[in-house]
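# Structural characterization, general
Now for the letters of each chain:
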Amino acid sequence: MQAIVFPQAEAMSVERVDDPPCAPDEVIVQVAQCGICGTDVHIYHNEYMSDFPLIPGHEFAGTVVEVGSAVRTIKLGDRVAVDPNLYCGACDFCRNEQANHCSNWQGIGITRGGGFAQFVAAPARACYLLPEGMSDQQASFIEPLACVVHALKRFRPAPGDSVLLFGAGPMGLLLIQALRNNGASRVVVVDKQPDRLALAQRFGAVTVQAGPDAEAALRELSPRGFPSVVDATGVPAVVEQAFAYLRPRGQYLQFGVTPNGATVRVSPYDIFHNDWTIYGSFALCYTFLPAIEMLAHGAVDVSALVSDTLPLAHFADGFHRFEAGKTLKVHVRP
Ligand SMILES: [Zn+2]
Ligand SMILES: [Zn+2]
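For clarity, every value in this text was computed on a predicted model and none was experimentally measured. (Residues numbered from 1 in each chain as written. Chains lettered and ligands numbered in written order. Predicted model: local features only at pLDDT ≥ 70, side-chain atom pairs only at ≥ 80, totals over all residues.)

What follows covers the sheet that holds strand β15 (residues 277-280). Strand order in the open sheet formed by six strands is β12-β11-β10-β13-β14-β15, with parallel pairing between adjacent strands. Single-partner strands in this sheet number two, and they are β12 (206-209) and β15. Adjacent strand axes in the sheet meet at a mean angle of 20° when their direction is disregarded. In this sheet, strand β14 (residues 246-254) lies alongside strand β13 (residues 226-231) in parallel orientation, the contact comprising five bridges. In the strand pairing of β14, S228 is matched with Q251. (Pairing = 2+ DSSP bridges. Helix = DSSP H or I, 4+ residues; strand = E, 2+ residues; numbered from the N terminus. Axes fitted to C-alpha atoms, helices over the stretch in contact; angles between N-to-C directions.)

Printed below as a string of structure tokens:
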């Protein structure tokens, strides 16, 4: 089959590789569509938890073309989305509803072959049937939206809260919609790109252009700071200044993925004195089903979030433009 391979850090190629074998409890999915994610960029730069060589891609959906001998829940021809987070189900974390911290965690497209390929092997229990009528494009957003759902099951703005969000990339644009569905009175979004801010406005956000005037604009919008602040940029310098806008008793969510090893300065005295709560949100945790429901019933609209849909042969070009912030979501159809 044809696949994108990262042979080592900061290298990529389109290669012909062996088709993946199908274990008894697995199925083979012919990939219809797979999204490029900021995590793929971190993997490429060896800032994440992957080893090389790797076929990346963890936001995908497709059709089942082979079924392992022990599989009873999925059949040939089923359209499925695959939860790339593979949990053992037996460790203390799994048995305490924290499967995303599984001691034996594996990730499709992270630690084993992923969706930027014609075929992927996936355990049947990681496959979710797509509802009738769901497009490949929508289905490829189930994984990122499931990460948003996991975040909002942890970080819970109170009804009526004004939420300040840094970053209006594809994840930020999903967050805006989910936050507004969950009772935020207002989502104020800061980004440096006017086209992203225009989209954010379309989803009902109040927008502020990043830059020298942003601080005054944010102080005017909420003079005493915001009760909820979210970083969806993963940029350490943005994270560091985000706390300046958090009001006493406020809650902060680190949603963006910074490079592994990056540090920021935050005053412990400020955390103490302001009664702040700081949340992290890693990947997803049994949140595929609510994400599927939100997409199937139109609670979240992803049609405007894809700027490019490309064949595998154009992956490198799409990847580098995505990394440079010149695209929204880039989807690949292998
Ligand atoms: Zn992702
Ligand atoms: Zn486990």
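Now that the structure has been shown, we can carry on.
Below, the discussion takes up the nonpolar core. Counting residues in each nonpolar core, the largest one holds 104 residues, and the members touching the most others are L145, L165 and L175. Considering every element that reaches this core, the biggest residue donor is helix α3 (residues 142-154), with eight residues. Composition of this core by domain shows at least three residues from each of domain 1 (2-142 + 284-333) and domain 2 (156-280). Not counting the four nearest positions on each side in its chain, L145 is found in contact with L174, A291, M294, L295 and V300. (Core = buried A, V, L, I, M, F, W, Y, C linked by C-beta atoms within 7 Å. Buried ≥ 20, exposed ≤ 12 C-beta atoms within 10 Å, placed from the backbone. Domains from an automatic or database assignment. Contact = placed C-beta atoms within 7 Å.)

Our next topic: the domain arrangement of the protein. Split by domain assignment, the protein resolves into domain 1 (2-142 + 284-333) and domain 2 (156-280). Domain 1 and domain 2 are separated by 28 Å when their C-alpha centres are compared. Residue-level contacts link 13 residues of domain 1 with 12 residues of domain 2. In terms of residues, the side of domain 1 that touches domain 2 owes the most to one element, helix α1 (residues 38-44), which gives three residues. Of the residues assigned to the side of domain 1 that touches domain 2, the class counts are six nonpolar, four polar and three charged. (Nonpolar A, V, L, I, M, F, W, Y, C, P; charged D, E, K, R; others polar.)

Here we take up the pairing of strand β4 (residues 60-67). For strand β3 (residues 26-36) and β4, the ladder comprises seven bridges, and the chain directions are antiparallel. From the neighbouring strand, Q33 faces β4, where its bridge partner is A61.

Most of strand β11 (residues 186-191) sits out of view: five of its six residues are buried. Sheet analysis places strand β10 (residues 162-166) next to β11, joined by five bridges and oriented parallel. Residue F166 lies in a different strand from β11, and its bridge partner there is V190. At this point the chain moves from β10, through helix α4 (residues 170-181), to the parallel β11, and the crossover so formed is right-handed. Pairing geometry for β11 and β12, over four bridges, is parallel. Paired with V190 across the bridge in β12 is V208. (Right-handed = clockwise from strand over helix to strand, strands pointing away.)

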